[in-house]
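Here is how the chains run, residue by residue.
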Amino acid sequence: MLAVNRFRVIPEDEDDFFRRARAAVDFMATREGAESIELVRNLDEPDLWAIVGRWANVGSYRRAFNGYDAKVVLVPLLSEAIDEPGAYDVPDDVGLNLPRSR
């Protein structure tokens, strides 16, 4: 399972964002089920960043948000992410995937 969280970062906030994003990446990398976690920057739009994580399964990803440390490190940063669905998987593993009604 792949989790993608994208961010728009204004240049004057870049250093602070980078520091907090690195802390989030380092934290997620220690969580059970984390296979790889990367902080990446868009090549064409330098204000667009993403945290991309490969997880053993969606449950591992969701459990990464449990506990006090997760609430302190992850939640404040990820609340700034672009509001869009961010969980992806291989089409054969997804099966019938109907959109949720809002």
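Keep in mind the model is a prediction, meaning the values are calculated, not measured. (Residues numbered from 1 in each chain as written. Predicted model: local features only at pLDDT ≥ 70, side-chain atom pairs only at ≥ 80, totals over all residues. Heavy atoms only, no water.)

**Student:** Tell me about the pattern of salt bridges, and please be specific about residues and values.
**Tutor:** Throughout the structure, instances matching the rule amount to eight salt bridges. In this structure, glutamate 45 engages arginine 8 in a salt bridge whose closest nitrogen and oxygen atoms are separated by 2.8 Å. Of this pair, glutamate 45 sits in the loop between strand 2 (34-41) and strand 3 (48-55) while arginine 8 sits in strand 1 (residues 2-8), and the two are 37 residues apart along the sequence. The exposure class of glutamate 45 is partly exposed, given its relative accessible area of 37%. Since its relative accessible area comes to 45%, arginine 8 is described here as partly exposed. Connected through salt bridges with shared partners, the residues Asp16, Arg19, Arg20 and Glu80 form a single ionic network. (Salt bridge = Lys/Arg side-chain N within 4 Å of Asp/Glu carboxyl O. Helix = DSSP H or I, 4+ residues; strand = E, 2+ residues; numbered from the N terminus. Buried < 20%, exposed > 50% of the residue type's maximum accessible area, 1.4 Å probe, protein only.)

**Student:** Lay out the nonpolar core in plain terms, naming residues and giving numbers.
**Tutor:** Grouped together as the largest cluster of nonpolar side chains are 23 residues, with contacts concentrated most on Phe7, Phe17, Leu39, Ile51, Trp55, Leu74 and Leu77. The biggest single contributor to this core is helix 1 (residues 14-29), with six residues. Filtering out sequence-adjacent residues up to four positions away, tryptophan 55 remains in contact with Met1, Ala3, Met28, Arg31, Glu32, Gly33, Ala34, Glu35, Ile37, Ser60, Tyr61 and Ala64. (Core = buried A, V, L, I, M, F, W, Y, C linked by side-chain atoms within 4.5 Å. Contact = heavy atoms within 4.5 Å.)

**Student:** Run through helix 1, naming residues and quoting values.
**Tutor:** For helix 1, spanning 16 residues, the distance from its first C-alpha to its last is 22 Å, which sits close to the expected 22 Å at 1.5 Å a residue. Looking only at helix 1, the buried set comprises Phe17, Ala21, Ala24, Val25, Phe27 and Met28. Mapping the buried residues of helix 1 onto a view down its axis gives an arc of 160°, with all of them on the same face. Seen from the open side of helix 1, the exposed residues pointing more than 90 degrees away from its buried face are Asp15 and Arg19. Buried-residue contacts for helix 1 involve strand 1, strand 2, strand 3 and helix 3 (68-78). (Expected span 1.5 Å × (residues − 1). Arc of directions from axis to C-beta.)

**Student:** An account of the environment of arginine 41 is needed here, citing residue identities and associated values.
**Tutor:** Within the secondary structure, arginine 41 sits in strand 2. The spacing of arginine 41 and phenylalanine 7 is 34 residues in sequence and 9.5 Å in space, taken between C-alpha atoms. When neighbours within four sequence positions are excluded, arginine 41 is seen to be in contact with Glu14, Pro46, Leu48 and Trp49. A polar side-chain atom of arginine 41 sits 2.6 Å from a polar atom in the side chain of glutamate 14. (Polar contact = N/O pair within 3.5 Å; in protein donor to acceptor, adjacent residues only side chain to side chain.)

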